[in-house]
Amino acid sequence: MFSFDTLSLLFLFFLALGVVPNLFYSFGYMDHIVRKVHYLLHYFTFIASMAGVVIAGNPLVFLFFWELMSLASWQLILTDSKEASTIKAARFYFFMTHFGFVFILLFFLITSNGNLQMPFTKMHAIAAAFPYPTLLFFLLILGFLSKAGVVPMHVWLPYAHPAAPSAVSAMMSGVMLKIALYGFLRMLFVVLGSWQLEWGILILILGALSSLVGVLYALAEHDIKALLANHSIENIGIILIGIGMGMIFASLNLPLLATFAFIAALFHTFNHMSFKSLLFMAAGSVLHQTHTKNIEKYGGLIKSMPLTALSFLFAAVSISALPPTNGFLSEWMIFQSLLSSSNITNIALKISIPFSIFALALTGGLAIACFVKAFGITFLGLHRSTNAKHAHEVNRLMRIGMIAMAGVTASLMLFAPLFLRFFNSALTPFALPDITHIITPNFWNIHSVTHNGGVVSPVILLGALTVIAALLTWSARFIGVRYRTFHTWACGYNTNSRTQYSATGFAGPIRRFFAWLYRPQEYLHKTTIAGHSTKFTTALYDVHIKPLFEASLYDGSKKLVNIISYYVYRLGHFEQIRYAAIIFNLILTVLFGYRVVAHQFSWATFVLEAVIVIATFKILVLGERK
């Protein structure tokens, strides 16, 4: 019923690191929640269900806890259900999570021959004998990666995470998405066992696209929680790049490189949990004080909320992969995995791997730009609203939660070699070699697995940066640099909150460069003076961006379903005189089908006959659309 192997224990440890700081923060956040009993009941059910998913030993137990996790998180999104947007987000999340559940159930029914109490370890033989293994792999992708927020199944995520209470947003983004990845890895290692090269390439491409799409839409966001939710899509993509490279190396019989790539993916899984949880906690603290998620209403909060500002800055530096943070270390390892493929001659890999390197590098640069905007507009400058002006630091429990999560983030940086050994030990039972003597020969350096790879030391990097900062500070004092505080020069105009950089203006150049992706709807509202177009008293520039995948794929699917349902309705409610017409069309279809069976098929007659059937069906049966 339950399994406590190395992978389960690793993710139980992962769950503890994500949950314990969140407990402190959540209890401090309680005064912001009206339905406290509802919140606590589903909050602890959510935590217990994620633990149940991790230790489940057969499909029945797994599906029970998976569904419990989905329902508990759905109810947590509805904690504050007064706003229509919250109900819409919860409905969207409910649909998408059960969309994935259907494919997970199909996967289990096929690989267990309908016996859902069969242990995972005994399902490998059935999966190996199944004649269509790629179908099983696609069921895994649709089932687990839709829950993880992978492009193009990601559109629910920027709606659901901002709608939930901030402590739940931290848990969903930092922990729940990785539980979905755990399920994917568990089925990959235990049930499928061996992988085709094309599977790894597909995961690699999905990861690269997710990282790019996530960071680009994060840059355009002004809702601080939606911005962070889009960055979750980005980082799930980075993790998938590592998993994809591990699958590729394993299929090419390169076990050392495969293990290194999987370790890098697990390392980034832990890292993203830490700094993304801390970011949502800091954002929740700002929301707790200002009562708005709009970045344009913040400003100057570093003066009144210094601990929150420092926590957000530390997490922002980590997620931007700046050295020597934990985010830098795991992305460095993923880069090393990608660059270790230079001797592979497969043409598909020579296209997909350089594209992934480009995507990962561009993602890193855009992430820095995004968090410069997020931190600068939120915490620096002048107050942009009355609520921001009167904000103050949050209560003690919320501060303890942020400090504890910052400690987890710092530990993943300072003790990275120890964590890498832990990750390797979790992978060795799945026929992957022990490479700790290669990548972590001591407790301060991390080596690449190849001879021409690099070496990085978080402790030495942090020490060098500390020494440089101390020397610069000492030099400034020794030279006697004088400081003078004065008003900002604004070309003769008065400086106020309305003349500062805005989030919209900061992202403007990037938004215009990627206009083909954003397709922004821009509005300018101004009150002119005496009809002069160049003279006005007030002006408001507004930009609305609807995600491309939602506007094309999902809205297009809804329109198609509406059209089909309309004609199905018409078929059930047309006049009796049309029954003769539908019988006539059925006879035509049968006659044309007989010609195909009798091998009297030709494309010319097929096209002509198809046009006749469609035309007669449309004219005689359906008639005009009303």
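Report follows, based on the coordinates. (Residues numbered from 1 in each chain as written. Predicted model: local features only at pLDDT ≥ 70, side-chain atom pairs only at ≥ 80, totals over all residues. Heavy atoms only, no water.)

**With respect to the packing of aromatic side chains**
Part 1 of the argument: Following the criterion strictly, the structure yields 39 aromatic pairs and no others.
Part 2 of the argument: Taking the centre distance of 5.7 Å and the plane angle of 75° together, the rings of Phe62 and Phe108 count as edge-to-face. Note that Phe62 is positioned in helix 3 (residues 59–77) and Phe108 in helix 4 (residues 84–111), a separation of 46 residues in sequence.
Part 3 of the argument: In this structure Phe108 comes out as buried when scored by relative accessible area, which is 0%.
Part 4 of the argument: Ring geometry for Trp74 against Phe94: centres 4.7 Å apart, planes inclined by 45°, an arrangement best described as tilted. Here Trp74, found in helix 3, pairs with Phe94, found in helix 4; they are 20 residues apart in sequence, far enough to count as distant.
Part 5 of the argument: Residue class for Phe94 comes out partly exposed when judged on its relative accessible area of 34%.
Part 6 of the argument: Feature note: the residues Phe11, Phe13, Phe14, Tyr182, Phe267, Phe270, Phe419, Phe422 and Phe423 constitute an aromatic cluster, connected by ring pairs. (Phe/Tyr/Trp six-rings, centres within 6.5 Å; stacked < 30°, edge-to-face > 60°. Helix = DSSP H or I, 4+ residues; strand = E, 2+ residues; numbered from the N terminus. Buried < 20%, exposed > 50% of the residue type's maximum accessible area, 1.4 Å probe, protein only.)

**A closer look at the pattern of salt bridges**
Part 1 of the argument: Applying the stated criterion to the full structure yields one salt bridge.
Part 2 of the argument: The partner of Asp5 in a salt bridge is Arg186, with the nearest N and O atoms 2.6 Å apart. With Asp5 in the segment before helix 1 (6–28) and Arg186 in helix 8 (residues 166–192), the pair connects residues that are 181 residues apart, well separated along the chain.
Part 3 of the argument: Judged by relative accessible area, which is 3%, Arg186 ranks as buried. (Salt bridge = Lys/Arg side-chain N within 4 Å of Asp/Glu carboxyl O.)

**Describing helix 8**
Part 1 of the argument: With 27 residues, helix 8 should cover 39 Å at 1.5 Å per step; its first-to-last C-alpha distance of 37 Å lies within 8% of that length.
Part 2 of the argument: Taking the largest bend as the criterion, helix 8 deviates by roughly 35°, centred on Met172.
Part 3 of the argument: Most of helix 8 sits inside the fold, with 27 of its 27 residues counted as buried.
Part 4 of the argument: Trailing helix 8 by a residue or two, Gly193 shows a phi angle of about 80°, which is positive. (Expected span 1.5 Å × (residues − 1). Bend = angle between axes of the 7 residues up to and from the residue.)

**Re a nonpolar patch on the surface**
Part 1 of the argument: On the surface, a nonpolar cluster with roughly 490 Å² of combined accessible area is contributed by Val20, Phe24, Phe27, Phe44, Leu397 and Ile400.
Part 2 of the argument: Those elements that provide at least two residues to the nonpolar patch are helix 1 and helix 17 (396–414).
Part 3 of the argument: A per-element tally of the nonpolar patch places helix 1 first, with three residues.
Part 4 of the argument: In this structure Val20 comes out as partly exposed when scored by relative accessible area, which is 44%. (Patch = residues over 30% accessible without salt bridge, like charges linked within 9 Å, V, L, I, M, F, W, Y side chains within 5 Å. Areas by Shrake-Rupley, 256 points an atom, 1.4 Å probe, with all protein chains shown as cover.)

**Some remarks on the packing of helix 6 (residues 133–148) against helix 8**
Part 1 of the argument: Running from N to C, helix 6 and helix 8 point in directions that differ by 165°, and their axes come no closer than 7 Å. For the element pair helix 6 / helix 8, the angle class is roughly antiparallel. The interaxial crossing formed by helix 6 with helix 8 has right-handed handedness. Taken together, the residues of helix 8 that come into contact with helix 6 (itself represented by Leu136, Phe137, Leu140, Ile141, Phe144, Leu145, Lys147 and Ala148) are Met176, Leu177, Ala180, Leu181, Gly183, Phe184, Met187, Leu188 and Leu192. (Axes fitted to C-alpha atoms, helices over the stretch in contact; angles between N-to-C directions. Parallel < 35°, antiparallel > 145°, perpendicular 65-115°, else oblique. Left-handed = near helix turned anticlockwise from the far one by under 90°. Contact = heavy atoms within 4.5 Å.)

**Looking at the nonpolar core**
Part 1 of the argument: With 192 residues, the main nonpolar core has Phe108, Phe184, Phe189, Ile243 and Phe312 as its most contacted residues.
Part 2 of the argument: No other element matches helix 11 (residues 255–290), which puts 21 residues into this core.
Part 3 of the argument: Contacts of Phe312, omitting those with residues within four sequence positions, involve Ile224, Leu279, Ala282, Phe371, Ala374, Phe375 and Phe379. (Core = buried A, V, L, I, M, F, W, Y, C linked by side-chain atoms within 4.5 Å.)

**Let's talk about the layout of surface pockets**
Part 1 of the argument: In this structure, the largest pocket encloses a volume near 1,500 Å³.
Part 2 of the argument: Lining the largest pocket we find 39 residues, and of these His222, Asn294, Glu296, Thr504 and Asp542 sit closest to its centre.
Part 3 of the argument: Mapped onto the lining of the largest pocket, the elements with two or more residues apiece are helix 4, helix 7 (157–163), helix 9 (197–220), helix 10 (224–251), helix 21 (503–506) and strand 4 (532–544).
Part 4 of the argument: Per element, the largest residue contribution to the lining of the largest pocket is six residues, and it comes from strand 4.
Part 5 of the argument: Its residues placed into classes, the lining of the largest pocket shows 16 nonpolar, eleven polar and twelve charged. (1 Å grid on protein atoms, 1.4 Å probe; cavity = no way out; pocket = protein on both sides within 12 Å on 5 of 7 lines; lining within 4 Å. Points joined across faces, edges and corners; volume = space filled by probe spheres on them. Nonpolar A, V, L, I, M, F, W, Y, C, P; charged D, E, K, R; others polar.)

**A few points about the environment of Asn271**
Part 1 of the argument: Relative to the helices and strands, Asn271 resides in helix 11.
Part 2 of the argument: On the basis of relative accessibility, which here comes to 0%, the residue Asn271 falls in the buried class.
Part 3 of the argument: Sequence separation of Asn271 and Leu412 is 141 residues, and the distance between their C-alpha atoms is 6.9 Å.
Part 4 of the argument: Not counting residues up to four positions away in its chain, the partners in contact with Asn271 are Asn326, Gly327, Ser330 and Leu412.

**Concerning the environment of Glu393**
Part 1 of the argument: With respect to the helices and strands, the residue Glu393 is situated in the loop between helix 16 (386–389) and helix 17.
Part 2 of the argument: Of the residues examined, Glu393 reaches a relative accessible area of 17% and is grouped as buried.
Part 3 of the argument: Taking the C-alpha atoms as reference points, Glu393 and Ser304, separated by 89 residues in sequence, lie 6.3 Å from one another.
Part 4 of the argument: In this view, Glu393 contacts Gln289, Ser304, Met305, Pro306, Leu307, Thr308 and Arg399; residues no more than four positions away in its chain are not counted.
Part 5 of the argument: At 3.0 Å, the side chain of Glu393 forms a polar contact with the backbone nitrogen of Leu307. (Polar contact = N/O pair within 3.5 Å; in protein donor to acceptor, adjacent residues only side chain to side chain.)

**Points about helix 17**
Part 1 of the argument: Taking 1.5 Å per residue, 19 residues should reach 27 Å; helix 17 reaches 26 Å between its end C-alpha atoms and fits that length.
Part 2 of the argument: Those residues of helix 17 that sit buried are Met398, Gly401, Met402, Met405, Ala406, Val408, Thr409, Leu412 and Met413. Along the axis of helix 17, the buried residues cluster in a sector spanning 150°; they form a single face.
Part 3 of the argument: Of the surrounding elements, those touching the buried residues of helix 17 are helix 1, helix 11, helix 13 (306–319), helix 14 (326–339), helix 18 (416–427) and helix 20 (458–479).
Part 4 of the argument: In this structure Asn395 caps helix 17, since a side-chain oxygen of it lies 3.3 Å from the backbone nitrogen of Leu397. (Arc of directions from axis to C-beta.)

**Here's the deal with the side chain of Ser211**
Part 1 of the argument: Position of Ser211 among the secondary structure elements: in helix 9.
Part 2 of the argument: Residue classification places Ser211 among the buried residues on the basis of a relative accessible area of 0%.
Part 3 of the argument: Not counting the four nearest positions on each side in its chain, Ser211 is found in contact with Ile233, Glu234, Gly237, Ile238, Ile241, Ala359 and Thr363.

**Quick word on the side chain of His42**
Part 1 of the argument: The residue His42 is located in helix 2 (residues 36–55) in this model.
Part 2 of the argument: Look past the residues within four positions of His42 in its chain and what remains in contact with it is Ala72, Gln75 and Leu76.

Honestly, it's all geometry; don't read function into it.
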